[in-house]
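For reference, the chains in residue letters:
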Amino acid sequence: MKHFLVKTIANAAALAVAIWLLKDITLTGENTGRKILTLVLVALIFGLVNFLVKPVVKLLSFPLFILTLGLITLVVNALMLLLTSWLAGKADLAFHVDGFWTALLGGVIISIVAWAMHVILPDED
(Lines give C-alpha, C1' and ligand atoms only; values in the text may rest on other atoms or scores of the structure.)
Protein backbone atom coordinates (compact mmCIF):
# COMPACT_ATOMS: atom_id res chain seq x y z
CA MET A 1 0.00 0.00 0.00
CA LYS A 2 2.86 2.34 0.83
CA HIS A 3 4.44 1.67 -2.59
CA PHE A 4 1.16 2.56 -4.31
CA LEU A 5 0.87 5.79 -2.30
CA VAL A 6 4.46 6.80 -3.06
CA LYS A 7 3.99 6.15 -6.79
CA THR A 8 0.77 8.17 -6.81
CA ILE A 9 2.41 11.11 -5.04
CA ALA A 10 5.39 10.94 -7.41
CA ASN A 11 3.07 10.84 -10.45
CA ALA A 12 1.02 13.77 -9.12
CA ALA A 13 4.16 15.84 -8.53
CA ALA A 14 5.53 14.96 -11.97
CA LEU A 15 2.25 15.84 -13.65
CA ALA A 16 2.11 19.12 -11.71
CA VAL A 17 5.58 20.09 -12.94
CA ALA A 18 4.66 19.24 -16.54
CA ILE A 19 1.46 21.30 -16.23
CA TRP A 20 3.46 24.18 -14.78
CA LEU A 21 6.16 24.09 -17.49
CA LEU A 22 4.07 23.42 -20.61
CA LYS A 23 1.19 25.67 -21.58
CA ASP A 24 -0.44 22.98 -23.73
CA ILE A 25 -0.91 20.61 -20.79
CA THR A 26 -3.80 22.06 -18.83
CA LEU A 27 -5.53 21.31 -15.56
CA THR A 28 -8.45 23.53 -14.67
CA GLY A 29 -10.78 23.80 -11.73
CA GLU A 30 -12.89 26.24 -9.75
CA ASN A 31 -10.51 26.41 -6.79
CA THR A 32 -7.23 25.02 -5.53
CA GLY A 33 -8.85 22.10 -3.69
CA ARG A 34 -10.66 21.00 -6.84
CA LYS A 35 -7.42 21.26 -8.86
CA ILE A 36 -5.55 19.13 -6.32
CA LEU A 37 -8.30 16.51 -6.33
CA THR A 38 -8.27 16.47 -10.14
CA LEU A 39 -4.47 16.17 -10.14
CA VAL A 40 -4.56 13.20 -7.76
CA LEU A 41 -7.28 11.47 -9.82
CA VAL A 42 -5.31 12.06 -13.02
CA ALA A 43 -2.20 10.67 -11.28
CA LEU A 44 -4.21 7.55 -10.41
CA ILE A 45 -5.34 7.18 -14.02
CA PHE A 46 -1.76 7.74 -15.21
CA GLY A 47 -0.54 5.07 -12.79
CA LEU A 48 -3.16 2.60 -14.01
CA VAL A 49 -2.30 3.29 -17.64
CA ASN A 50 1.39 2.75 -16.90
CA PHE A 51 0.64 -0.43 -14.96
CA LEU A 52 -1.85 -2.03 -17.37
CA VAL A 53 -1.25 -0.70 -20.87
CA LYS A 54 2.41 0.29 -21.00
CA PRO A 55 3.87 -3.23 -20.54
CA VAL A 56 1.75 -4.54 -23.42
CA VAL A 57 2.79 -1.66 -25.68
CA LYS A 58 6.45 -2.10 -24.73
CA LEU A 59 6.26 -5.82 -25.47
CA LEU A 60 4.66 -5.23 -28.86
CA SER A 61 7.18 -2.50 -29.71
CA PHE A 62 10.23 -4.52 -28.63
CA PRO A 63 11.61 -4.80 -32.20
CA LEU A 64 11.35 -1.01 -32.52
CA PHE A 65 13.05 -0.66 -29.14
CA ILE A 66 16.05 -2.57 -30.48
CA LEU A 67 15.99 -0.78 -33.84
CA THR A 68 15.87 2.71 -32.29
CA LEU A 69 18.22 1.86 -29.40
CA GLY A 70 15.52 2.66 -26.87
CA LEU A 71 14.33 5.99 -28.27
CA ILE A 72 10.90 4.48 -28.94
CA THR A 73 10.41 4.70 -25.16
CA LEU A 74 9.91 8.46 -25.58
CA VAL A 75 7.10 7.80 -28.04
CA VAL A 76 5.54 5.16 -25.77
CA ASN A 77 5.61 7.62 -22.83
CA ALA A 78 3.97 10.29 -25.00
CA LEU A 79 1.26 7.85 -26.06
CA MET A 80 0.60 6.89 -22.41
CA LEU A 81 0.22 10.59 -21.54
CA LEU A 82 -2.18 11.11 -24.45
CA LEU A 83 -4.17 8.05 -23.36
CA THR A 84 -4.31 9.45 -19.83
CA SER A 85 -5.61 12.75 -21.22
CA TRP A 86 -8.29 10.93 -23.22
CA LEU A 87 -9.36 8.81 -20.23
CA ALA A 88 -9.44 11.90 -18.00
CA GLY A 89 -11.75 13.54 -20.53
CA LYS A 90 -14.01 10.48 -20.48
CA ALA A 91 -14.04 10.64 -16.66
CA ASP A 92 -15.00 14.35 -16.89
CA LEU A 93 -11.73 15.51 -15.33
CA ALA A 94 -10.36 18.89 -16.41
CA PHE A 95 -6.98 17.62 -17.68
CA HIS A 96 -5.92 17.92 -21.31
CA VAL A 97 -2.76 17.38 -23.34
CA ASP A 98 -2.83 19.24 -26.64
CA GLY A 99 -0.91 17.35 -29.30
CA PHE A 100 1.74 14.69 -29.71
CA TRP A 101 4.79 16.96 -29.45
CA THR A 102 3.51 18.41 -26.19
CA ALA A 103 2.93 14.87 -24.94
CA LEU A 104 6.46 13.89 -25.99
CA LEU A 105 8.03 16.77 -24.07
CA GLY A 106 5.61 16.23 -21.17
CA GLY A 107 6.56 12.56 -21.06
CA VAL A 108 10.23 13.47 -20.76
CA ILE A 109 9.51 15.97 -17.97
CA ILE A 110 7.26 13.51 -16.13
CA SER A 111 9.87 10.74 -16.38
CA ILE A 112 12.63 12.95 -14.95
CA VAL A 113 10.51 14.38 -12.13
CA ALA A 114 9.00 10.99 -11.22
CA TRP A 115 12.49 9.50 -11.07
CA ALA A 116 13.64 12.35 -8.79
CA MET A 117 10.57 11.93 -6.58
CA HIS A 118 11.25 8.20 -6.22
CA VAL A 119 14.78 9.02 -5.11
CA ILE A 120 13.49 11.53 -2.52
CA LEU A 121 10.40 9.71 -1.22
CA PRO A 122 10.87 6.66 1.00
CA ASP A 123 9.70 3.40 -0.52
CA GLU A 124 10.38 0.49 1.76
CA ASP A 125 8.38 -2.70 1.32
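In what follows, the structure referred to is the one given above.
The structure contained in this document is the topic of the report that follows. Quantities reported herein were computed from a predicted structural model and do not represent experimental measurements.

**Some details on the pattern of salt bridges**
Logical step 1: Here the structure, examined in full by the defined rule, presents two salt bridges.
Logical step 2: Here Asp24 and Lys23 are joined by a salt bridge, their closest N and O atoms 3.6 Å apart.
Logical step 3: Judged by relative accessible area, Asp24 falls into the partly exposed class, the value being 27%.
Logical step 4: Here Glu30 and Arg34 are joined by a salt bridge, their closest N and O atoms 3.9 Å apart.
Logical step 5: The class of Glu30 is exposed, set by a relative accessible area of 69%.

**Some remarks on helix H5 (residues 72-90)**
Logical step 1: Its 19 residues give H5 an end-to-end C-alpha distance of 27 Å, which sits within 8% of 27 Å, the value for a rise of 1.5 Å per residue.
Logical step 2: For H5, the complete set of buried residues consists of Ile72, Val76, Asn77, Ala78, Met80, Leu81, Thr84, Ser85 and Ala88.
Logical step 3: Of the residues trailing H5, Asp92 is marked for its positive phi of about 65°.

**Topic: the nonpolar core**
Logical step 1: In this structure, Leu15, Ile25, Leu81, Phe95 and Ile110 are the most contacted members of the largest nonpolar core, which totals 31 residues.
Logical step 2: Taken together, the elements giving at least two residues each to this core come down to helix H1 (2-21), strand E1 (25-27), helix H2 (32-52), H5, strand E2 (95-97) and helix H6 (100-120).
Logical step 3: No other element matches H6, which puts seven residues into this core.
Logical step 4: Discounting residues that sit within four places of it in the chain, Phe95 has contacts with Leu15, Ile19, Ile25, Thr26, Leu27, Val42, Leu81, Thr84, Ser85 and Ala88.

**Thoughts on the environment of Ala94**
Logical step 1: The topology assignment puts Ala94 in the loop between H5 and E2.
Logical step 2: Accessibility expressed as a relative area gives 30% for Ala94, which makes it partly exposed.
Logical step 3: Sequence-distant contacts of Ala94, that is, excluding residues within four places in its chain, are made with Thr26, Leu27, Thr28 and Thr38.

What counts, and at which threshold
- Residues numbered from 1 in each chain as written.
- Predicted model: local features only at pLDDT ≥ 70, side-chain atom pairs only at ≥ 80, totals over all residues.
- Heavy atoms only, no water.
- Salt bridge = Lys/Arg side-chain N within 4 Å of Asp/Glu carboxyl O.
- Buried < 20%, exposed > 50% of the residue type's maximum accessible area, 1.4 Å probe, protein only.
- Helix = DSSP H or I, 4+ residues; strand = E, 2+ residues; numbered from the N terminus.
- Expected span 1.5 Å × (residues − 1).
- Core = buried A, V, L, I, M, F, W, Y, C linked by side-chain atoms within 4.5 Å.
- Contact = heavy atoms within 4.5 Å.

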